[in-house]
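Take a look at the letters that make up each chain.
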Amino acid sequence: MALMPKRVKHRKNQRGRIKGNATRGNRVVFGDFGLQAMQGGWIKATTIEAGRIAAQQYIRGEGRLYVRVFPHKSVSSKPLEVRMGSGKGSTEYWAARVKPGRVLFEIDGVPRNVAEESLSLAAAKLPIKTRFVARLGE
């Protein structure tokens, strides 16, 4: 089951723009190693889940995987071959807004080489460029 909010104030929202770099969520806090976004963009809830599963399967229950992004943004679209007008389309999926510098996943309790391989498998599922980062002092 893909991530989505339990309740929202507004069911449909506007696209908006992603400007600047992440000022919050840009450091490894919970784990020892992390996967940091190098580009901005929207990441679908299903994509986040695919990355989580890929990383989790590699570490095989050892250590702990933290997901640091949540899809708060609803993305709507109209069906194909529908005429102009008649309002905004229904919600198709939920997405997380990601700014450059945001830490997406963190891993704790595994050696560095296992963490690198696990997060590279997760990075392969994502539509943006990422890099492997370690906690300050590691």
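Everything below is about the structure shown above.
Residues numbered from 1 in each chain as written. Predicted model: local features only at pLDDT ≥ 70, side-chain atom pairs only at ≥ 80, totals over all residues. Heavy atoms only, no water.

### Observations regarding the packing of aromatic side chains
Under the defined criterion, the tally for this structure stands at two aromatic pairs. Geometrically, the ring pair formed by F30 and Y66 is stacked, given 5.5 Å between the ring centres and 25° between the ring planes. Here Y66 lies in strand β3 (residues 64-67) and F30 lies in the segment before β1 (33-37), a separation of 36 residues in the sequence. Under the relative-accessibility criterion, F30 is labelled partly exposed at 46%. Over the ring of Y93 we find K44; its NZ or CZ atom is 4.6 Å from the centre of that ring. (Phe/Tyr/Trp six-rings, centres within 6.5 Å; stacked < 30°, edge-to-face > 60°. Helix = DSSP H or I, 4+ residues; strand = E, 2+ residues; numbered from the N terminus. Buried < 20%, exposed > 50% of the residue type's maximum accessible area, 1.4 Å probe, protein only. Lys NZ or Arg CZ within 6 Å of the ring centre and 35° of its normal.)

### With respect to the sheet that holds strand β7 (residues 130-134)
Taken in spatial order, the four strands of this open sheet run β3-β6-β1-β7, and their pairing is antiparallel. Every interior strand has two partners, whereas the edge strands, β3 and β7, have only one. Averaged over all pairs of adjacent strands, the angle between strand axes in this sheet comes to 20°, irrespective of strand direction. Across four bridges, β3 lies against strand β6 (residues 103-108) in antiparallel orientation. Its bridge partner lying in β6, Y66 is registered against E106. Most of the contacts of helix α1 (residues 45-59) go to β3, to which it runs at about 170°, and overall it touches β3 and β6. The strands touched by helix α2 (residues 112-125) within the sheet are β1, β6 and β7, with β1 carrying the most contacts at an inclination of about 30°. (Pairing = 2+ DSSP bridges. Axes fitted to C-alpha atoms, helices over the stretch in contact; angles between N-to-C directions. Contact = heavy atoms within 4.5 Å.)

### Comments concerning the pattern of salt bridges
Summed over the entire model, instances satisfying the criterion amount to three salt bridges. Here R52 makes a salt bridge to E49, at a shortest N to O gap of 2.8 Å. Remark: E49 and R52 occur in helix α1; sequence separation between them is three residues, near one turn of the helix. Given a relative accessible area of 28%, R52 falls into the partly exposed group. Judged by relative accessible area, which is 18%, E49 ranks as buried. R68 is paired through a salt bridge with E106; the nearest N and O atoms lie 2.3 Å apart. Placement of the pair is R68 in the loop between β3 and β4 (73-77) and E106 in strand β6, with a sequence separation of 38 residues. For E106, a relative accessible area of 0% translates into the label buried. (Salt bridge = Lys/Arg side-chain N within 4 Å of Asp/Glu carboxyl O.)

### Concerning α1
When the terminal C-alpha atoms of α1 are compared, their 22 Å separation across 15 residues agrees well with the 21 Å that a helix rising 1.5 Å per residue should span. When we look at burial in α1, the residues that qualify are A45, T47, I48, E49, G51, A54, A55 and I59. Contacts made by the buried residues of α1 are with β2 (41-44), β3, β5 (90-98), β6 and α2. Positive backbone phi, at 50°, marks R60, one or two positions downstream of α1. (Expected span 1.5 Å × (residues − 1).)

### Some words on the environment of L121
Residue position: L121 is located in helix α2. The spatial distance from the C-alpha of L121 to the C-alpha of G63 is 16 Å, given a sequence separation of 58 residues. Aside from chain neighbours lying at most four places away, what touches L121 is A54 and Y58.

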